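Chain residues, written in single-letter form:
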Amino acid sequence: MDMKISGSAQVAAGEYDNIRISGSGRICGRVRCTSFHCSGSAHGDVLECREEFKVSGSCGFDRLTAKGMSVSGSIRCGGDVAVDECFKCSGSADIGGSLKCGQVSVSGGASVDGDIEAESVSVKGGIDCKGLINSESITIELARNMTIGSIGGSVIDITRRSTDPSGDIDVRFWGVSVHIGGKKAKRNGTLNVKNYIEGDRINLEWVRAPRVSGRAVVIGEGCEIELVQYSETIEVSPEAKVGRSEKI
């Protein structure tokens, strides 16, 4: 059974096919559906989607699960969010628990009170995480100040994002920077890591952290690291501050 709401109505606990809300909807109890699309406002308890969860309006739930999730509006979840495939956020997301999914792609803003566990994490907007971000591949382009509890992964690449629309290009790969264009692009944002960064290959810019541990580590401009541990190679920019380094 499909459910369409263009005015104001409640969705009772149970099984549904496709739920579409362009007005105001209240999700009562545990609702399971094939897909959920909201361009209006929806709030409720527990929502489980077998396929796509898509929000271009405003939503708030206690717990969410879906095969794929796309947020171009705003969403708040008091508990955990579980997504089998991609969690894509070009709007805003506020998650009171943990986020577990296949891939994370954030070009808007996301806040997570728990941990983030994914196969890959790509951030070109802003992300704040009180717990651990754990992923094989983590790429963060800083566009504003962010705070993360801890970071663990195989390949970790954190740089500042260019905000100059003039077309200038900064090309950077493992500590080597080449600028193409007449005027230097303006960039901003600093990542504050409360506990540690651990990985295999680590490349950092404008990161503050007590400890960084990896096999091949590049500490770039603007970084402030108390302790750097490495097993193979280390590069430290003259524009970075490192308390001490040790080979392990």
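Note that the coordinates shown come from a computational prediction; the quantities given were computed from them, not determined experimentally.

**Q** Report on the overall build of the chain, specifying residues and quantitative values.
**A** Helices and strands together make up the secondary structure of the chain, namely zero helices and 28 strands. By residue count, 44% of the 248 residues in the chain fall in the buried class. Restricting to contacts in the chain with at least 6 residues of sequence separation, those with at least 24 account for 14%. For the chain, the exposed area adds up to about 11,400 Å²; of that, 46% sits on carbon and sulfur atoms.

**Q** Now, about the environment of threonine 159: what can you tell me, with residues and values included?
**A** Structurally, the position occupied by threonine 159 is in strand S20 (residues 146–160). We classify threonine 159 as buried; its relative accessible area is 14%. Along the backbone, threonine 159 and tryptophan 206 are 47 residues apart, and their C-alpha atoms lie at a distance of 7.0 Å.

**Q** I'd like to hear about the pairing of strand S18 (residues 120–123), residue by residue, with values.
**A** Burial along S18 is one-sided: Val121 and Val123 are buried, and none of Ser120 and Ser122, which face the opposite way, are. Here four bridges tie strand S15 (residues 99–106) to S18, and the two strands are oriented parallel to one another. In the strand pairing of S18, serine 105 is matched with serine 122. Here S18 pairs with strand S19 (residues 126–142) via four bridges, running parallel. In the sheet register, valine 123 faces S19, and the bridge partner there is isoleucine 140.

**Q** Explain unusual backbone geometry residue by residue, including any values.
**A** The backbone of tryptophan 206 shows a phi angle near 50°, a positive value even though the residue is not glycine. Inspection of the secondary structure puts tryptophan 206 in the loop between strand S25 (201–204) and strand S26 (207–219). The exposure class of tryptophan 206 is partly exposed, given its relative accessible area of 25%.

**Q** Quick one: what's the story with the side chain of arginine 160, residue by residue and with numbers?
**A** Relative to the helices and strands, arginine 160 resides in strand S20. In terms of polar contacts, arginine 160 uses its side chain to reach the backbone carbonyl oxygen of glycine 189, at 2.7 Å.

**Q** Before we move on, could you go through the nonpolar core and cite the residues and values that matter?
**A** Counting residues in each nonpolar core, the largest one holds 66 residues, and the members touching the most others are Phe36, Phe53, Phe87, Ile197, Leu204 and Val207. The element that contributes the greatest number of residues to this core is S19, accounting for six residues. Residues in contact with phenylalanine 87, not counting those within four places in the same chain, are Met69, Ala93, Ile95, Leu99, Cys101, Gln103, Val104 and Ser105.

**Q** Break down the side chain of serine 35 for me, with residues and values.
**A** Mapped onto the elements, serine 35 comes out in strand S6 (residues 35–38). Setting aside residues no more than four positions away along its own chain, serine 35 makes contact with Asp17, Asn18, Ile19 and Glu52.

**Q** How would you sum up empty space enclosed by the protein? Please name residues and give values.
**A** Summed over the entire model, instances satisfying the criterion amount to one cavity of 30 Å³ or more. Size it by volume and the largest cavity reaches roughly 40 Å³. Lining the largest cavity are Leu64, Met69, Ile75, Arg76, Cys77, Val81, Phe87, Asp94 and Ile95. Element by element, the count of residues in the lining of the largest cavity is highest for strand S12 (residues 74–77), at three residues. In terms of residue class, the lining of the largest cavity is built from seven nonpolar, no polar and two charged.

**Q** Any details on the confidence of the model for the chain? Residues and values, ideally.
**A** Overall, the prediction assigns the chain a mean pLDDT of 91, with 90% of residues at 70 or greater. Scored below 50 in pLDDT, residues 171–180 makes 27 contacts in the model with residues more than four places away or belonging to other chains.

**Q** Describe the packing of aromatic side chains, listing the residues and the values that go with them.
**A** Considering all chains together, one arrives at three aromatic pairs under this definition. When the ring of phenylalanine 36 is compared with that of phenylalanine 53, the centres are 5.2 Å apart and the planes differ by 10°; the resulting orientation is stacked. With phenylalanine 36 in strand S6 and phenylalanine 53 in strand S8 (residues 52–55), this residue pair connects regions lying 17 residues apart in the sequence. Classification of phenylalanine 36 by relative accessible area gives buried; the value is 0%.

**Q** If you had to explain the pairing of strand S11 (residues 68–71) to someone new, which residues and values would you point to?
**A** Where S8 meets S11, four bridges bridge the pair, whose relative direction is parallel. Directly across from valine 55, in S11, lies its bridge partner valine 71. In this sheet, strand S13 (residues 81–89) lies alongside S11 in parallel orientation, the contact comprising three bridges. Directly across from valine 71, in S13, lies its bridge partner cysteine 89.

**Q** Explain the pattern of salt bridges residue by residue, including any values.
**A** Tallying each qualifying case throughout the model produces 14 salt bridges. With a shortest N-O distance of 3.4 Å, arginine 32 and glutamate 15 are connected by a salt bridge. Of the two residues, arginine 32 is situated in strand S5 (residues 24–33) and glutamate 15 in strand S3 (residues 14–15); the sequence distance between them amounts to 17 residues. On the accessibility criterion, arginine 32 (31% relative accessible area) is partly exposed. A salt bridge links lysine 130 to aspartate 113; the nearest nitrogen and oxygen atoms lie 3.7 Å apart. Here lysine 130, found in strand S19, pairs with aspartate 113, found in the loop between strand S16 (109–112) and strand S17 (116–117); they are 17 residues apart in sequence, far enough to count as distant. Using a relative accessible area of 33% as the deciding quantity, one classes aspartate 113 as partly exposed. Taken together, the salt bridges that share partners define one network made up of Glu15, Arg30, Arg32, Glu48 and Arg50.

Thresholds applied
Residues numbered from 1 in each chain as written. Predicted model: local features only at pLDDT ≥ 70, side-chain atom pairs only at ≥ 80, totals over all residues. Heavy atoms only, no water. Helix = DSSP H or I, 4+ residues; strand = E, 2+ residues; numbered from the N terminus. Buried < 20%, exposed > 50% of the residue type's maximum accessible area, 1.4 Å probe, protein only. Contact = heavy atoms within 4.5 Å. Areas by Shrake-Rupley, 256 points an atom, 1.4 Å probe, with all protein chains shown as cover. Pairing = 2+ DSSP bridges. Polar contact = N/O pair within 3.5 Å; in protein donor to acceptor, adjacent residues only side chain to side chain. Core = buried A, V, L, I, M, F, W, Y, C linked by side-chain atoms within 4.5 Å. 1 Å grid on protein atoms, 1.4 Å probe; cavity = no way out; pocket = protein on both sides within 12 Å on 5 of 7 lines; lining within 4 Å. Points joined across faces, edges and corners; volume = space filled by probe spheres on them. Nonpolar A, V, L, I, M, F, W, Y, C, P; charged D, E, K, R; others polar. pLDDT = per-residue confidence, 0-100. Phe/Tyr/Trp six-rings, centres within 6.5 Å; stacked < 30°, edge-to-face > 60°. Salt bridge = Lys/Arg side-chain N within 4 Å of Asp/Glu carboxyl O.

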